[in-house]
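Next come the chains, spelled out residue by residue.
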Amino acid sequence: VVLLEAGGRLGGVLETVLLYSIRACILLVLIMPLIVRTELFFPFVVGKALYFRVLTEIASGIWLVLAFRYPEYRPALKWLLILFAAYLGIALLAGIFGVSLQRSLWSTYERMQGIVDLTHWFLFVLVASSVFRSSFDWRLLLNVNLGISLVMALMGVVQNYELFKIPGYGFLEATNRVDITLGNPTYVGAYMLVNMLIALGLLSHSYRTVRVRTVPRSVGRRRRKRAERQPPRDYALMWLQAFWATVLVIDLWAFVLSGTRGAVIGLAVSLGAFAFGYGIWRPWKG
């Protein structure tokens with residue numbers, strides 16, 4: 001019995017170590033936009049790609065051990081993963097029967113894409129969806145990503161107005177359109193656009209949850225009803241809402257400084273599509 005209890009405790013420790021090691025690798029991937037290696041021929045691309053691939057391979061290797069030892073961490077057959085796997089298979093066939101299998105597999109140092117890169121992104125999605133399962137887990141992941149985007153946006157503001165030299169990023173100089181650490185204003189616009197929508201989604205969703213306050217019956221009827229309609233203050237939620245609002249405003253600032261017309265059109269189309277879908281599928285009352 002003692003041996004079984006000791007084995008159970010060790011098994012629990014092993015599961016925790018493996019799980020949090022994978023989660024740490026996934027979260028570290030999110031700082032990839034900040035990676036720039038000026039000594040490389042393509043400083044904005046190669047460093048990011050290698051950083052991402054190494055962390056993804058480490059996370060995938062640890063996840064294989066975790067999934068073999070604990071079946072609950074094995075991937076579920078979800079339609080998004082199935083579609084991604086199908087897309088990867090089609091890309092592989094296109095590469096095999098294309099003009100250059102080598103370019104299809106590895107792409108170039110300037111792009112760092114190809115089937116190898118796509119495979120790493122598939123592994124990233126597979127592993128992340130296996131270890132981040134609850135709503136709390138995904139909110140943690142999204143909030144860390146928003147924090148990185150806030151740092152990026154502030155760097156864009158500093159770059160545009162030449163406020164000061166950022167330690168480790170002395171190469172940033174004022175331009176008509178900020179490129180920050182991505183090397184292209186178009187990428188900045190797309191990156192900020194995605195994070196603006198994530199912040200807007202989390203912020204708007206936070207106002208949907210209304211907690212009912214229990215009021216003693218000794219209080220008058222009108223006062224009791226009025227008090228029940230007013231939810232108690234959740235200071236943790238208020239800080240999160242302030243964070244999301246800050247991210248939304250600063251990211252929008254950097255989004256404008258990028259001067260990316262395609263991202264602006266994308267934002268207008270996405271908001272229009274959202275409004276249209278919300279008008280059709282929202283369960284109207286009364």
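Please refer to the structure higher up on the page.
Below you will find a few notes about this structure.

Quick notes on the rules
Residues numbered from 1 in each chain as written. Predicted model: local features only at pLDDT ≥ 70, side-chain atom pairs only at ≥ 80, totals over all residues. Heavy atoms only, no water. Axes fitted to C-alpha atoms, helices over the stretch in contact; angles between N-to-C directions. Helix = DSSP H or I, 4+ residues; strand = E, 2+ residues; numbered from the N terminus. Parallel < 35°, antiparallel > 145°, perpendicular 65-115°, else oblique. Left-handed = near helix turned anticlockwise from the far one by under 90°. Contact = heavy atoms within 4.5 Å. Nonpolar A, V, L, I, M, F, W, Y, C, P; charged D, E, K, R; others polar. Patch = residues over 30% accessible without salt bridge, like charges linked within 9 Å, V, L, I, M, F, W, Y side chains within 5 Å. Areas by Shrake-Rupley, 256 points an atom, 1.4 Å probe, with all protein chains shown as cover. Salt bridge = Lys/Arg side-chain N within 4 Å of Asp/Glu carboxyl O. Core = buried A, V, L, I, M, F, W, Y, C linked by side-chain atoms within 4.5 Å. Buried < 20%, exposed > 50% of the residue type's maximum accessible area, 1.4 Å probe, protein only.

## Notes on the packing of helix H6 (residues 135-161) against helix H9 (residues 235-258)
Phase 1 of the analysis: At their nearest, the axes of H6 and H9 sit 8 Å apart, and the two run at 40° to each other. In terms of orientation, H6 and H9 fall into the oblique class. When the axes of H6 and H9 are compared, the crossing they make is left-handed. On H9, the residues touching Arg139, Asn143, Leu146, Gly147, Ser149, Leu150, Ala153, Leu154, Gly156, Val157, Asn160 and Tyr161 of H6 are Leu240, Phe243, Trp244, Thr246, Val247, Ile250, Asp251, Trp253, Ala254 and Leu257.
Phase 2 of the analysis: Classifying every residue of the contact of H6 with H9 gives 14 nonpolar, six polar and two charged.

## Some thoughts on a nonpolar patch on the surface
Phase 1 of the analysis: Among the surface-exposed residues, Leu92, Leu93, Ile96, Phe97 and Leu101 lie close enough to one another that they form a single nonpolar patch of about 510 Å² accessible area.
Phase 2 of the analysis: Ranked by residues supplied to the nonpolar patch, first place goes to helix H3 (residues 79-96) with three residues.
Phase 3 of the analysis: Its place among the elements puts Leu92 in helix H3.

## Looking at the nonpolar core
As a rule of thumb, nonpolar side chains are buried together in soluble globular proteins.
Phase 1 of the analysis: Within the largest apolar cluster, 32 residues are counted, with the highest numbers of intra-cluster contacts made by Leu146, Met152, Met155, Ile180, Met192 and Phe255.
Phase 2 of the analysis: Only H6, helix H7 (185-206), H9 and helix H10 (261-281) provide two or more residues apiece to this core.
Phase 3 of the analysis: Per-element accounting of this core gives the leading share, nine residues, to H7.
Phase 4 of the analysis: Excluding residues within four positions of it along the chain, Ile180 makes contact with Phe44, Met152, Met155, Gly156, Gln159, Phe171, Leu172, Val188 and Met192.
Phase 5 of the analysis: In this structure, Val29, Val131, Phe132 and Leu141 belong to the second largest nonpolar core, which totals 29 residues.

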